[in-house]
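Architecture and fold: a report
The chain contents come next:
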There are 2 protein chains.
Amino acid sequence: MPKKYIKAIDALQEAQKISLAPFVFQTTVSLKNLGVFDFIFQNVAKGGVTLTEICEELSISEYGLGVLLEMAESSNIVSMDERGRYELTKIGYFLNYNPMTQVNMNFTQDVCYQGLFHLEDAIREGKPAGLKELGSWKTIYEGLSQLKPEVQKSWFDFDHFYSDGIFDEALKIVFRHEPKLLFDIGGNTGKFAIQCCAYNQDVNVHIFDLPGQLKVALKNTAEKGFGERVQGSEIDWLSENPKIPAGADTIWMSQFLDCFSKEEILKILKTAANAMDSQTELIIIETYTDRQKFENAKFTLEATSLYFTALANGNSKMYKARELMELADAAGLELKDDISLGEFHTLFVCKKK
Amino acid sequence: MPKKYIKAIDALQEAQKISLAPFVFQTTVSLKNLGVFDFIFQNVAKGGVTLTEICEELSISEYGLGVLLEMAESSNIVSMDERGRYELTKIGYFLNYNPMTQVNMNFTQDVCYQGLFHLEDAIREGKPAGLKELGSWKTIYEGLSQLKPEVQKSWFDFDHFYSDGIFDEALKIVFRHEPKLLFDIGGNTGKFAIQCCAYNQDVNVHIFDLPGQLKVALKNTAEKGFGERVQGSEIDWLSENPKIPAGADTIWMSQFLDCFSKEEILKILKTAANAMDSQTELIIIETYTDRQKFENAKFTLEATSLYFTALANGNSKMYKARELMELADAAGLELKDDISLGEFHTLFVCKKK
């Protein structure tokens, strides 16, 4: 990346902002959760509201609201006119109403904030040292179903925001060649298996996942009436010698490989390659940091990497497309298609070399 | 404050940055503590260092350093050239080497980060709800001497950075009229009492503070050989009816009133006024948010207010000069001098009306 020119005085200001960033973040979370942003915005037509009016409406102390709004004004989140009436700035508006910003903020606060305190330890130890703030598990995947409801909601909202909507596009690509048997690797809640069965009446799906997730997935698919066409096998990709059988027309891995280290990904791809014949398609969907159209999206993915480091598993990340290509090549796979999907995703179709 | 013009796309970018700010903050803390910033800067003359070189020198995993440097590059803290060599940007340089930024960052991480998670609760309850992350006290002042060494160091470094150096200037003003008896309200470690005794051989100092602090202060002043000229009385300003005796030529309150709410300050100033005659000078030193020459300083003071809210006592802040003037007036005091002191402070000399 080329260096961006910045004046020394502006650089110092930016360094100061970073050094006090948690204050601004928590100020924003508080103003949002206390309903202050909403109330200010609802009163934009009457030219803003004063501190006293906000306090009365929302039953907050003048002291408490005062310290929040002073920080928010200095951070250009709200503005105050000469009569003491507050309005949201554009930044304040986006903080409260932009869906991606909201999803990110809730994920940061509810899932990541406390655990991130241990980021340095996580890097030193190669373990998700911050996960203890949420519970006593080795990885977050073990604990997902036991998270507090509001933490779980923020986790799933984040997960879904960056993956919903791509299945429709992906299904068309998956079923170009009318696969009869599809292996869904990391089937999670069975969401994709259900969509496959609904999309094509002949396909059979075999889900591979950890025991806990598999149970949930098979229950969900059966409830949707696809019990006969969806089977499953337990697998732990971190075990000594994981195996999947031959016979699939398509092997599907969507936002699955980013949960593993490069060494683990190579093992998984080699295992898949061993189960493939010359016709089998391996479809990989990921959000690659070097394939983002917008800086914001790249920035979010890099933050997600730090979530993996500090909280999820301690050793995975959002990769560059180039890195995944190298790993696929090393596993004996050839990239046949490279397709942009939705706003953030890329779909690779691989075949055996 | 007038509204700053900002384009919608830049406002959205800024909102995204705020929503993920804790990731950037913790990335910075980790890179600093792991020695990465130092090592990169030491190699600026040879045109930067690669990720592999940094990992080998500092024994960090390529994975761990990779996720940190990706985030740091997107945040314009480091830059990477086409050969993969990293350098610090100006922002990165200031983050690692600017004294005020360092002091703020250590204070934020070691003292405030975890407690700030509870800011919203602190506002709702009017109590320092985040203090439990450091220990089981009602206010941080009770626990100061029991903080972990590194937390205590960051607290005192922050405190001293914004107060050291002003005593020299202040002493000249205090001793213009050669006071014989000075009341040091909130004498803390006895630092100011010692300086008074060293500056003027005739002055007697009487320290008023909580029992724990007073003991420390009297021990320190005695050790410096001023035991005969420094006495003390226990006082709890939050008690029903605190009293100080008459007889002082000067009453001194330096960075003391910001530890109290407006109601409490009014009570303290009235108590002082009752003990004053027409000649007594009350000297108040504070860092006022509306008296700062630099945006950075105002921003730091507003963050300090949030530290008071979430961690220290739940009800005090860095005030505007205007607010303190109103309180002094309401307490029956008249402002005689209004003097700028050092980079951040203001000294008020008040007399009884």
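A quick note: this is a predicted structure, and the numbers were derived from the prediction, not measured.

Residues and elements named next belong to chain A. The antiparallel open sheet is built from 3 strands, whose spatial order is β1-β3-β2. Only two strands of the sheet have a single partner each, and these edge strands are β1 (49–50) and β2 (78–80). Here β1 pairs with strand β3 (residues 85–88) via 2 bridges, running antiparallel. Bridge pairing in β3 links T50 to R85.

Across the contact, 82 residues belong to chain B and 82 residues belong to chain A. Approximately 7,900 Å² of surface area, both sides summed, lies buried where chain B meets chain A, with 64% of it carried by carbon and sulfur atoms. Joining chain B to chain A, the criterion identifies 6 salt bridges. For K17 of chain A, the salt bridge goes to E14 of chain B, with nearest N and O atoms at 3.2 Å. Seen at the junction of chain B and chain A, the total is 25 residue pairs in polar contact (both at pLDDT 80 or more). Sorting elements by how many residues they give to the side of chain B that touches chain A places helix α15 (residues 295–312) of chain B first, with 12 residues. For the side of chain B that touches chain A, the residue count by class is 39 nonpolar, 26 polar and 17 charged.

What follows concerns the domain arrangement of chain A. Per the domain assignment, the segments making up chain A are domain 1 (8–97) and domain 2 (161–304 + 311–352). Using only C-alpha atoms to locate each centre, domain 1 of chain A and domain 2 of chain A end up separated by 43 Å.

Of the transformation placing chain B onto chain A, the axial shift is 0.0 Å and the rotation is 180 degrees, giving an RMSD of 0.0 Å. What the rotation and shift describe, once combined, is the action of a two-fold rotation axis. By residue overlap, the copies meet face to face through one surface: 100% of the interface positions of chain B are interface positions in chain A.

This part takes up a nonpolar patch on the surface. Where nonpolar side chains cluster on the molecular surface, the patch consists of F41, V44 and Y93 of chain A and spans about 240 Å² of accessible area. Its location among the elements puts V44 of chain A in the loop between α3 (36–42) and β1.

What follows concerns the nonpolar core. Ranked by internal contacts, the top residues of the largest apolar core, which has 197 residues, are L269 and Y307 of chain A together with L269 and Y307 of chain B. Those residues in contact with L269 of chain A that lie beyond four places of it in its chain are M253, L257, L282, I284, L327, A328, A331 and L333 of chain A.

Moving on to empty space enclosed by the protein. All names here are of chain A. Tallying each qualifying case throughout the model produces 1 cavity of 30 Å³ or more. The wall of the largest cavity is formed by Q109, D110, V111, C112, Y113, Q114, G115, E133 and L134. Along the lines of polarity and charge, the residues of the lining of the largest cavity split into 4 nonpolar, 3 polar and 2 charged.

In this section: the sheet that holds strand β4 (residues 181–185) of chain B. All names here are of chain B. Across the sheet, 7 strands lie side by side as β6-β5-β4-β7-β8-β10-β9; this open sheet has mixed pairing. In the strand order of this sheet, the two ends are held by β6 (230–234) and β9 (333–341), each with one partner. Neighbouring strand axes in the sheet, compared pairwise and without regard to direction, differ in orientation by 20 degrees on average. Here 3 bridges tie β4 to strand β7 (residues 250–254), and the two strands are oriented parallel to one another. Looking at β7, one finds that F183 is bridged to I251. Its contacts with the sheet place helix α11 (residues 166–174) against β4, β7, β8 (281–286), β9 and β10 (345–352), and it is angled at close to 140 degrees to β9.

Parameters at a glance
- Residues numbered from 1 in each chain as written.
- Chains lettered and ligands numbered in written order.
- Predicted model: local features only at pLDDT ≥ 70, side-chain atom pairs only at ≥ 80, totals over all residues.
- Heavy atoms only, no water.
- Pairing = 2+ DSSP bridges.
- Helix = DSSP H or I, 4+ residues; strand = E, 2+ residues; numbered from the N terminus.
- Contact = heavy atoms within 4.5 Å.
- Buried area = accessible area lost by both parts, 1.4 Å probe.
- Salt bridge = Lys/Arg side-chain N within 4 Å of Asp/Glu carboxyl O.
- Polar contact = N/O pair within 3.5 Å; in protein donor to acceptor, adjacent residues only side chain to side chain.
- Nonpolar A, V, L, I, M, F, W, Y, C, P; charged D, E, K, R; others polar.
- Domains from an automatic or database assignment.
- Least-squares fit on C-alpha atoms with pLDDT ≥ 70 in both.
- Patch = residues over 30% accessible without salt bridge, like charges linked within 9 Å, V, L, I, M, F, W, Y side chains within 5 Å.
- Areas by Shrake-Rupley, 256 points an atom, 1.4 Å probe, with all protein chains shown as cover.
- Core = buried A, V, L, I, M, F, W, Y, C linked by side-chain atoms within 4.5 Å.
- Buried < 20%, exposed > 50% of the residue type's maximum accessible area, 1.4 Å probe, protein only.
- 1 Å grid on protein atoms, 1.4 Å probe; cavity = no way out; pocket = protein on both sides within 12 Å on 5 of 7 lines; lining within 4 Å.
- Points joined across faces, edges and corners; volume = space filled by probe spheres on them.
- Axes fitted to C-alpha atoms, helices over the stretch in contact; angles between N-to-C directions.

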